[in-house]
Amino acid sequence: MSDLTKLTLKAAVDGLKARDFSSEEITRAFIANIEAANPRLNAYVLPTSDKALDMARAADARLAKGEGGPLEGAPLGIKDLFCTDGVQTTAGSNMLRGFVPPYESTVTANLWRDGAVMLGKLNMDEFAMGSSNETSAFGPVINPWKSGASNADLTPGGSSGGSAAAVAGDLCLAATASDTGGSIRQPAAFTGTVGVKPTYGRASRFGMVAFASSLDQAGPITKTVEDAALMLRSMCSFDPKDSTSLDVETPDWTQSLGRSVKGLRIGIPKEYVVDGMPAEQMELWEKGQAWLREAGAEIVEISLPHTKYALPAYYIIAPAEASSNLARYDGMRFGHRAADAKSLTDLYETTRAEGFGKEVQRRLTIGAYVLSAGFYDAYYVRALKVRRRIAEDFDNVWGKVDAILTPSTPSAAFAIGNRQIDPVTMYLNDVFTVTANLAGLPGISVPAGLDKGGLPLGLQVIGKALDEATVFQVASALEDAAGFVAKPEKWW
Amino acid sequence: MAVDVATVRRVAHLARIKTPEGRLEPLAQELNGILAWIEQLNEVDVEGVEPMTSNVHQPLRLRDDVVTDGNKVADVLSNAPKSADGFFVVPKVVE
């Protein structure tokens, strides 16, 4: 039989339903891939092979009876910030090493309800704070892709780097991920995969280790736009356990795929041109516009004037929320506790100095600073006002366009260690993605071309709140036109 | 607004992160780099703009004030660094 691990999620689900192969067979094939690749790629922090086989056999039993959900028997990888009942969940941090949640996140519970199989927990930047996976306490994930003849290890992006590398390297059919400033879409762009961040409130945050609560949203990383539509539907639900969960229907987004984009108005924001953006990324963006125009869409130049202020605002708001959210790690009830503290304050401070890595400490310090007396109005409140300006930019164009097309990232994947010198340079990775988080809008990254070194580049589609249908429709047209079929050459 | 070593020491304490003296100066430089970049927000006219704290345009839901969960002492304590007799055990601290 052909290699089952190369199937798309859709093809695998269909094959399982038709009983062409069993869930146990495809699960074993992925376990073999993980065992062979993980020492090199470091995508999984915790493979859960025994649990996977138990879940696969249970799925096979349901399939044998003609039962089963929309993802029945499909082996997935889970980013290690989704709490999984009885399975260690660390968010990539030493603070949570050994933490075993006694409950399940709503997103993963929805996937198991629909029949999916868990292959293991995926590596990530510590508490999702990073754009290269280098802040993980478990070491960086290595991108399956290489540039040209160079053998240098590249980053798969972050913070969902483990998810993106695992999907690109055929270590799972698809993976869960999360996006606070671009952490689904940037790694997807760096690995030739599809990543979707839905409208804020579509996917429950219950049981997802918090970074910045007003921005965090779960979504899938997959091989195709169709897979993303399929998996996102399972992940989303109204959840009374999340106070910001939206009480709305979850549509069947696969219905939007392949639908003509004729007559759709696609906005091209003139502010999404940044200094130092490679010519290839510019050309790809222009190509994307040409593809959509040929498919009958109308290309409209638009202005989102506050775009350049999105990242600086984000680097106040996200650290501020993080400094509040991560106050819970005090060494008392769960997580790491320092030994031999001299006082209560010393116990807190030593516990947090030992448990948190450098980038997390840096952001918590910024967060405490911008929230502190005397600076709260100048930094935090001002950033919240700028955030509204950014959201209004989008509100002002929705009368003229149905969706917006941008590059996903300012560059292709870069080498490990390359951008660690200066935090601001690293932060610029999210310049095109962060606006959708601040405004709560859905966004997708679709692989659309290669740079001259043969590395994948992505295009992003941003849509109106709750209008993932149009986002998927445009993404599907881009995918068809781009005909992106490249895969990384196996070296691991 | 340049951040000096004394400010970093104070903020690190507010964040409850023990920061060795030798780390304060480099951290001040990093923060100054980030804050200098953030200063550009001062260019934006925010006169009369309401601060935006949430993307969700719906009022917070209310539910009936009834017990929906509980009696999970073992679960609650299952990740405690130390526990005994149904309680968290914390180090003895006399200050």
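Since the structure is predicted, the reported quantities are computational estimates derived from the model, not experimental observations.

Novice: Whenever I open this one, the overall build of chain B confuses me. Can you help?
Specialist: What chain B contains, in helices and strands, is three helices and two strands. Secondary structure elements of chain B occur, N-terminal to C-terminal, as α-α-α-β-β. For a compact globule of 95 residues, the expected C-alpha radius of gyration is about 12 Å, and chain B comes in at 23 Å, more than 25% above that figure. Across its three principal axes, chain B shows a C-alpha extent of roughly 55 × 45 × 20 Å. Split into buried and exposed, the 95 residues of chain B put 17% on the buried side.

Novice: Explain the overall build of chain A here, please?
Specialist: Helix and strand counts for chain A stand at 15 helices and 11 strands. Expected size for 492 residues packed as a compact globule is a radius of gyration near 23 Å; at 21 Å, chain A falls within 12% of this value. Taking all 492 residues of chain A together, the buried fraction comes to 62%. Taking all contacts inside chain A whose residues are at least 6 apart in sequence as the whole, residues at least 24 apart take part in 77%.

Novice: How should I be thinking about the pairing of strand E7 (residues 265-269) of chain A in this particular structure?
Specialist: Regular strands show a simple pattern: their side chains alternate between the two faces of the sheet. All names here are of chain A. One ladder, built from five bridges, connects E7 with strand E8 (residues 298-302); its direction is parallel. Across the sheet, residue Ile266 finds its bridge partner in E8, namely Ile299. Where E7 lies against strand E9 (residues 403-407), two bridges are found, and the strand directions are parallel. Across the sheet, Gly267 pairs through a bridge with Ile404, a residue of E9.

Novice: Sorry, what's going on with the interface of chain A and chain B here?
Specialist: For an interface, size is often stated in terms of accessible area lost upon the parts coming together. Contacts between the two partners involve 53 residues from chain A, matched on the other side by 38 residues from chain B. For the side of chain A that touches chain B, the elements supplying multiple residues, two or more each, are helix H9 (310-325), helix H10 (344-355), helix H11 (358-371), helix H12 (376-397) and helix H13 (423-427) of chain A. Looking at which element gives the most residues to the side of chain A that touches chain B, the answer is H12 of chain A, with 10 residues. Residue classes in the side of chain A that touches chain B are distributed as 30 nonpolar, 13 polar and 10 charged.

Novice: Which parts of the structure should I look at to understand the pairing of E9 of chain A?
Specialist: Summarising burial for E9 of chain A: five of the five residues are buried, a large majority. Covered by surrounding structure in E9 of chain A are Ala403, Leu405 and Pro407 of chain A together with Ile404 and Thr406 of chain A, the residues of both alternating faces.

Novice: Just to check I follow, could you spell out the nonpolar core for this structure?
Specialist: Burial of nonpolar side chains together is a common tendency in soluble globular proteins. If you look at the biggest cluster of nonpolar residues, it comprises 165 residues, and the most contacted ones within it are Ala74, Leu76, Val117, Cys172, Ala313 and Ile316 of chain A. Aside from chain neighbours lying at most four places away, what touches Val117 of chain A is Ser23, Thr27, Ala52, Met55, Ala56, Ala59, Gly73, Ala74, Pro75 and Leu76 of chain A.

Novice: Would you mind showing me how to read the packing of H11 of chain A against helix H1 (residues 5-14) of chain B here?
Specialist: Angle between the axes and distance between the axes are the two parameters that describe a pair of packed helices. Between H11 of chain A and H1 of chain B, whose axes approach to 8 Å, the crossing angle comes to 100°. As far as their axial angle goes, H1 of chain B and H11 of chain A are roughly perpendicular. Between H11 of chain A, through Thr365, Ala368 and Tyr369 of chain A, and H1 of chain B, the contact on the second element is made entirely by Val11, Ala12 and Leu14 of chain B. Across the contact of H11 of chain A with H1 of chain B, the residue classes tally to five nonpolar, one polar and no charged.

Novice: Would you mind showing me how to read the environment of Asp480 of chain A here?
Specialist: Residues and elements named next belong to chain A. By secondary structure assignment, the location of Asp480 is in helix H15 (residues 468-482). With 14 C-beta atoms packed within 10 Å, Asp480 lands in the partly exposed category. In this structure, the C-alpha to C-alpha distance between Asp480 and Trp291, residues 189 residues apart in sequence, is 9.3 Å.

Novice: Would you explain H12 of chain A in this entry?
Specialist: Working note: α-helix, 3.6 residues per turn, so residues spaced by three or four point in the same direction. Residue and element names in this part refer to chain A. Its 22 residues place the ends of H12 31 Å apart at the C-alpha level, agreeing with the 32 Å of an ideal helix rising 1.5 Å per residue. At Arg382, H12 shows its maximal kink, close to 25°. Restricting attention to buried positions, one finds in H12 the residues Tyr379, Tyr380, Arg382, Ala383, Leu384, Lys385, Val386, Arg387, Arg388, Ile390, Asp393 and Phe394. On its buried side, H12 packs onto H9, H11 and helix H14 (434-439).

Novice: Just to check I follow, could you spell out unusual backbone geometry for this structure?
Specialist: Glycine aside, negative phi is the norm for most residues, and most peptide bonds take the trans geometry. At the junction of Gly158 of chain A and Ser159 of chain A, the peptide bond is cis and its omega measures out at 5° in the coordinates. Locating Ser159 of chain A in the fold gives a position in the loop between strand E3 (117-122) and helix H5 (161-168). Residues other than glycine seldom take positive phi values, yet Leu466 of chain A does so here, at roughly 65°. Within the fold, Leu466 of chain A resides in the loop between strand E11 (456-463) and H15. Non-glycine residue Asp85 of chain B carries a positive phi angle of around 50°. Within the fold, Asp85 of chain B resides in the loop between strand E1 (83-84) and strand E2 (87-88). Given 5 C-beta atoms within 10 Å, Asp85 of chain B falls into the exposed group.

Novice: Looking at this structure, how should I read the environment of Thr48 of chain A?
Specialist: Of note, Thr48 of chain A is situated in the loop between strand E1 (44-47) and helix H3 (49-64). Taking the C-beta count within 10 Å as the criterion, Thr48 of chain A has 22 such neighbours and is therefore assigned buried.

Novice: I keep staring at the confidence of the model for chain B and nothing clicks. Help me out?
Specialist: When pLDDT is low, close inspection of the predicted coordinates is not appropriate. Residue and element names in this part refer to chain B. A residue-level look at chain B finds 97% of positions with pLDDT of 70 or above and a mean pLDDT of 93. Per-element averaging of pLDDT across chain B places helix H2 (residues 21-38) at the bottom with 94 and E1 at the top with 97. In the model output, the complex is listed with pTM 0.97 alongside ipTM 0.95.

Criteria and thresholds
- Residues numbered from 1 in each chain as written.
- Chains lettered and ligands numbered in written order.
- Predicted model: local features only at pLDDT ≥ 70, side-chain atom pairs only at ≥ 80, totals over all residues.
- Helix = DSSP H or I, 4+ residues; strand = E, 2+ residues; numbered from the N terminus.
- Rg over C-alpha atoms; globule rule 2.2 N^0.38 Å.
- Buried ≥ 20, exposed ≤ 12 C-beta atoms within 10 Å, placed from the backbone.
- Contact = placed C-beta atoms within 7 Å.
- Pairing = 2+ DSSP bridges.
- Nonpolar A, V, L, I, M, F, W, Y, C, P; charged D, E, K, R; others polar.
- Core = buried A, V, L, I, M, F, W, Y, C linked by C-beta atoms within 7 Å.
- Axes fitted to C-alpha atoms, helices over the stretch in contact; angles between N-to-C directions.
- Parallel < 35°, antiparallel > 145°, perpendicular 65-115°, else oblique.
- Expected span 1.5 Å × (residues − 1).
- Bend = angle between axes of the 7 residues up to and from the residue.
- pLDDT = per-residue confidence, 0-100.

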